[in-house]
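So you can see what is in the structure, the chains are spelled out below.
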Amino acid sequence: MTKIPALCAATLFLLQAPFAAAETPLEQRIDAALAPMFKPDWPGATVIVTRDGKPVFRKAYGLADLPAKTAMQPDMQLRMGSISKQFTAVGILQLAEQGKLSLQDDVRKHLPDFPDKGRVVTLEHLLHHTSGIPNYTELKAMRNLPKENVAIQQVYGMFRDEALEFAPGEQHKYSNSGYFLLGMVIEKVSGMPYHDYVAKNIFEPLGMRDTAHEGNERSAKRRIKGYRLAGKEIVPVADIDVKIAYAAGGLVTTVDDMARWDAAVSGGKLLQAATWRQAFTACSLPQGAPCHYGYGWNIGTLAGHRMVHHGGSIPGFTAQALRLPDDKVFVAVLTNGNGGAVNTPVIAYKTAAIAIGQPFPDYKPLALAPQALDAFVGTYVGAGQTRRVVRREGDRLTLQRDGRDAAPIMAYGPDSFYMEGSLARLEFQRDAEGAVRSLLVRQPGVDETALRQ
């Protein structure tokens, strides 16, 4: 072995030392980004990051119980909301592999009392949110449901007779009703209550002891209380009967169990490889209309990396889980606050971006002259006829998307803007003459181009 002279060795050490000192450990980088996002007396979150199936970050922030000042702990159990849909989807796919149903089956084959809508609604339509069945959580009848002792048939009866909003397979529109029906199909085909089916066929085989349909937990853990932001005040949410959410959003879990779930999915457990590929393939719509949903997962990108992901929101709780398959990185965030109490998607996406070494930049506002701002004022229409209206208010611009409040947008470049509390970047695009013709919205998940009207 060649011996390095002492002087050379010392020089080599001096050259390497600054670079070693500059490499902050991943845990510290994530914690430095997340900690400022939580107020000391507000609801909190549990966060886990795994790489290649092994935890590389696991921490809790904020409070689990505000009046008692109880700190959130990483192993606490919380509601996951619509992340439940991926478990319902896997239940359906298991039964399909067993030959007990086909994804092309008319839903009425398994639920014969579901009214004939004049068009065939298949199980695959339900999985893809392309059925046209109205979303029951947006119906006025939701207000009339009791807060407790709700029967599955009561919720079913609330939307079963509603007319289709569009022909099945023609459009993609998120609908909890589809996954509610899929839960009923699982019960009918398997002969088991939904909560028993997912426990015995998914949770127990994977060692997910703390995951269950709420009210049917198998461990001593019980979910913590949930809160919401009302104006500028944090208030506890009134409890609901989780049977209202059922197979569309009624599960509780921990981040540790979510890591076990991702390890199983990444490892190809529970389903055949071809079925998993199908689950992570986005649906197809006529005329090449955009669809970015598979079977219980959104299909998109984060900083140019492939991503499968889903969020959840249910009174008092929000959640986000995402996987970057090429990077073998998984992130789960469970929170006990909704209505703006905790910015769960931003927490998850920021964490994932740091984990793959591509953190989101911190933009600094750039002052533009009023006449320069006027060039961007207008209405921009994107996929699904979503409208975004840009207005000038004095020396700033605001952007208002359909169904949302107007929010200020700040320039960080001549044609580039950002919003506080959001990871979206807005890039206005000009034609050859310099006139603004479109708006490119770059955001985690899917980029979208909206044309100026």
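Coordinates for the structure precede this section.
**Remarks on the state of the cysteines**
- All chains considered together, the criterion is met by 1 disulfide.
- Note on cysteine connectivity: Cys-283 is disulfide-linked to Cys-291, with sulfurs 1.7 Å apart. Here Cys-283 and Cys-291 share a disulfide; its torsion about the S-S bond, 95 degrees, makes the bridge right-handed.
- Classification of Cys-291 by relative accessible area gives buried; the value is 8%.

**Some remarks on helix H3 (residues 84–97)**
- Compared with an ideal rise of 1.5 Å per residue, which puts 14 residues at 20 Å, H3 spans 20 Å between its outermost C-alpha atoms and is within 8% of the ideal.
- Restricting attention to buried positions, one finds in H3 the residues Ser-84, Lys-85, Gln-86, Phe-87, Thr-88, Ala-89, Val-90, Gly-91, Ile-92, Leu-93, Gln-94 and Leu-95.
- Following H3 by one or two positions, Gly-99 adopts a phi angle in the positive range, close to 75 degrees.

**Brief notes about the pairing of strand S17 (residues 396–401)**
- Looking at chain direction, strand S16 (residues 387–393) and S17 are connected through 6 bridges and run antiparallel. Its bridge partner being in S17, Glu-393 is matched across the sheet by Arg-396.
- Taking the residues that link successive antiparallel strands as the turn, the S16-S17 hairpin has 2 residues, and the phi of Gly-394 there is positive, at about 70 degrees.
- Relative to strand S18 (residues 407–411), S17 is paired through 3 bridges, and the arrangement is antiparallel. Across the sheet, Leu-397 pairs through a bridge with Ile-409, a residue of S18.

**Examining the sheet that holds strand S6 (residues 212–213)**
- Pairing is antiparallel in the open sheet, where 3 strands are placed in the order S5-S9-S6. One side of each edge strand has no neighbouring strand; the edge strands of this open sheet are strand S5 (78–79) and S6.

Parameters at a glance
- Residues numbered from 1 in each chain as written.
- Predicted model: local features only at pLDDT ≥ 70, side-chain atom pairs only at ≥ 80, totals over all residues.
- Heavy atoms only, no water.
- Disulfide = S-S within 2.5 Å.
- Buried < 20%, exposed > 50% of the residue type's maximum accessible area, 1.4 Å probe, protein only.
- Helix = DSSP H or I, 4+ residues; strand = E, 2+ residues; numbered from the N terminus.
- Expected span 1.5 Å × (residues − 1).
- Pairing = 2+ DSSP bridges.

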